[in-house]
Amino acid sequence: MSNPVAATAVGPMVLAAVEQYEPVPRRLVDDDMALSFLPAGVRAFTRTARWSVVRRLLIRATERSGPGLWSNLTCRKRYLGDKLTEALPHIDAVVILGAGLDTKAYRLARHSTVPVFEVDLPVNIDRKRAVVRSALGAVPPSVHLVPVDFENDDLAAELARHGHRGDHRTFFIWEGVTQYLTADGVASTFEFLRSAAPGSRLGFTYVRGDFIDGTNRYGAESLYRRFRVRSQLWQFGLQPDRVAAFIEPYGWRLIEQAGPDYLTEQYISPTGRKLTASQVEWTAYAEKC
């Protein structure tokens with residue numbers, strides 16, 4: 001794939017698929033569709049994780065890149081899924097910004113007709129459509145695929161063109177995207193989110209600003225070299241104590257944040273697994289005033 005940002009869509013889904021080979025009490029995230037959404041070659045490789053020794057090696061390799069990264073990438077999916085389930089009786093639509101190969105929309109379609117709009121780069125949307133047809137036969141009627149360039153396109157206009165109504169209370173999921181955008185790109189998306197209907201919800205992940213500027217690398221030297229030095233793909237960051245003030249001018253109230261302590265207490269410790277969570281990435285959850 002020629003677009004380096006689009007290419008990052010596979011990695012988190014590999015981790016989610018690998019987790020399905022863990023016994024249920026030890027599993028960090030449940031996603032029975034994850035494996036079927038992966039490219040064929042990656043799917044074959046991922047199947048080797050049915051052996052526990054392979055899973056341990058995969059986790060160890062990921063941890064060398066960034067200590068706690070395995071837990072963050074899997075637990076953030078669980079956290080956002082939990083929040084969506086809680087909010088479902090009170091929302092009218094779901095918008096997933098930067099959907100990648102995520103399966104939430106398709107698992108939700110099994111038991112709900114709430115419309116879901118999957119927004120991503122055109123190259124990712126084309127791939128997603130092909131993946132879904134291969135795995136499920138067709139895109140469910142409740143799911144709408146929306147190609148958008150976050151830096152240049154009018155997000156509201158593209159969503160409206162695909163059937164999203166601005167007056168609908170919407171659950172927005174913005175997972176694993178903000179660090180790849182410029183500050184202007186993030187601001188333009190929040191300008192769009194400013195017009196969200198009262199009662200809408202927003203769950204988004206971000207990389208810490210002090211990691212982006214190199215002040216604190218939190219033991220993730222390899223991750224820093226890969227995304228900040230060599231590829232320079234990661235551009236935007238926030239500090240956890242600045243999130244509330246950052247989103248407030250756009251009409252959003254911070255409800256809570258899932259940092260490493262939260263992920264450890266809520267998801268990792270109950271499994272009994274000897275894993276840590278990283279300081280590098282956090283997840284914020286907010287409500288539209």
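Conventions we followed
Residues numbered from 1 in each chain as written. Predicted model: local features only at pLDDT ≥ 70, side-chain atom pairs only at ≥ 80, totals over all residues. Heavy atoms only, no water. Helix = DSSP H or I, 4+ residues; strand = E, 2+ residues; numbered from the N terminus. Buried < 20%, exposed > 50% of the residue type's maximum accessible area, 1.4 Å probe, protein only. Polar contact = N/O pair within 3.5 Å; in protein donor to acceptor, adjacent residues only side chain to side chain. Contact = heavy atoms within 4.5 Å. Pairing = 2+ DSSP bridges. Axes fitted to C-alpha atoms, helices over the stretch in contact; angles between N-to-C directions.

Okay, the side chain of Glu22 next. Here Glu22 shows up in the loop between α1 (10–19) and α2 (40–47). We classify Glu22 as buried; its relative accessible area is 6%. Within the local environment of Glu22, its side chain forms a polar contact with the side chain of Arg26, the two groups lying 3.1 Å apart. Sequence-distant contacts of Glu22, that is, excluding residues within four places in its chain, are made with Arg27, Arg55 and Arg273.

Let us look at the environment of Ala157. Along the chain, Ala157 turns up in helix α7 (residues 155–161). Residue class for Ala157 comes out partly exposed when judged on its relative accessible area of 39%. It is 16 Å that separates the C-alpha atoms of Ala157 and Gly98, two residues lying 59 residues apart in sequence.

As summarised here, the arrangement of the 7 strands in space is β3-β2-β1-β4-β5-β7-β6, forming an open sheet in which the pairing is mixed. Two strands bound the open sheet, and with one partner strand each, they are β3 (143–147) and β6 (252–258). For this sheet, the mean angle separating the axes of adjacent strands, direction not counted, is 20 degrees. Where β6 lies against strand β7 (residues 281–288), 6 bridges are found, and the strand directions are antiparallel. For Arg253, the partnering residue across the bridge sits in β7 and is Glu287.

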